[in-house]
Amino acid sequence: IKGFTIMPENRTIIGWSIISDVSGSCSVDIWKNTTIPTSANTITGSEIPQLSNQQINSDNNLTTWNTSIFANDIVYFNVISASTITKLNLVIKTIKN
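Quick notes on the rules
Residues numbered from 1 in each chain as written. Predicted model: local features only at pLDDT ≥ 70, side-chain atom pairs only at ≥ 80, totals over all residues. Heavy atoms only, no water. Pairing = 2+ DSSP bridges. Helix = DSSP H or I, 4+ residues; strand = E, 2+ residues; numbered from the N terminus. Contact = heavy atoms within 4.5 Å. Polar contact = N/O pair within 3.5 Å; in protein donor to acceptor, adjacent residues only side chain to side chain. Phe/Tyr/Trp six-rings, centres within 6.5 Å; stacked < 30°, edge-to-face > 60°. Core = buried A, V, L, I, M, F, W, Y, C linked by side-chain atoms within 4.5 Å. Buried < 20%, exposed > 50% of the residue type's maximum accessible area, 1.4 Å probe, protein only. Salt bridge = Lys/Arg side-chain N within 4 Å of Asp/Glu carboxyl O.

### Some words on the pairing of strand β5 (residues 74-83)
In this sheet, β5 lies alongside strand β1 (residues 3-6) in antiparallel orientation, the contact comprising four bridges. The residue of β5 that forms the bridge with I6 is I74. Alignment of strand β2 (residues 11-33) against β5, held across nine bridges, turns out to be antiparallel. Each bridged residue has a counterpart across the sheet, and for N33 the counterpart in β5 is I74.

As structure tokens, then:
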């Protein structure tokens, strides 16, 4: 787990963007629950945010994601793998319900 947050309000996820300090590869899974989430609470479906020998990537068509976020949901960011990259920023794009 490399980061976590508690959501302050209801939202719908509409996409993600990821950028790293150098070109490389990584995958980041996102878990969500009303209590401490685990891998069983993944919301990414088959569209895990990732870089594949690149520095920037995004996805705004999340057909396999659970995109509903509710107030007080706990969201964890789990780095599955990383190669070459030492810093990255993952932005989850949302709209307020």
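### What to know about the environment of E9
Within the fold, E9 resides in the loop between β1 and β2. Spatially, the C-alpha atoms of E9 and N97 are 8.5 Å apart, while their sequence positions differ by 88 residues. Contact partners of E9, with chain neighbours within four places excluded, come to I69, F70, A71 and K96. One polar contact links E9 to R11, side chain to side chain, over a distance of 2.6 Å.

### Here we look at the packing of aromatic side chains
What the rule picks out here adds up to one aromatic pair. Ring centres of F4 and Y76 lie 5.7 Å apart, and the angle between their planes is 40°; on these two criteria the pair is classed as tilted. On the criterion of sequence distance, the pair formed by F4 in strand β1 and Y76 in strand β5 is long-range, its members being 72 residues apart.

### Things to note about the nonpolar core
Membership of the largest hydrophobic core comes to 16 residues, with the highest contact counts inside it found for I18, I30, W65 and L90. Elements supplying a minimum of two residues to this core: β2 and β5. By residue number, the principal contributor to this core is β2, which donates six residues. Ignoring sequence-local partners within four residues, the contact set of W65 consists of I13, W16, I30, I43, T44, E47, P49 and I92.

### Section: the environment of E47
Here E47 lies in the loop between β2 and β3 (50-59). A relative accessible area of 14% means that E47 is categorised as buried. In contact with E47, not counting residues within four places along its chain, are W16, D59, N61, L62, T63, T64 and W65. A distance of 3.0 Å separates a polar side-chain atom of E47 from the backbone nitrogen of T63. In terms of polar contacts, E47 uses its side chain to reach the backbone amide nitrogen of T64, at 2.6 Å.

### A look at the pattern of salt bridges
Scanning the entire structure with this criterion turns up three salt bridges. Among the salt bridges present, the one from K96 reaches E9, with a minimum N-O distance of 3.6 Å. One end of the pair, K96, is in strand β6 (residues 88-96); the other, E9, is in the loop between β1 and β2, and 87 residues separate them in sequence. Since its relative accessible area comes to 23%, E9 is described here as partly exposed. A salt bridge links D73 to K32, with the shortest nitrogen-to-oxygen separation between them at 3.4 Å. Here D73, found in the loop between β4 (68-69) and β5, pairs with K32, found in strand β2; they are 41 residues apart in sequence, far enough to count as distant. Assessed through its relative accessible area of 13%, K32 is described here as buried.

Function-wise, these values are silent; they only describe arrangement.
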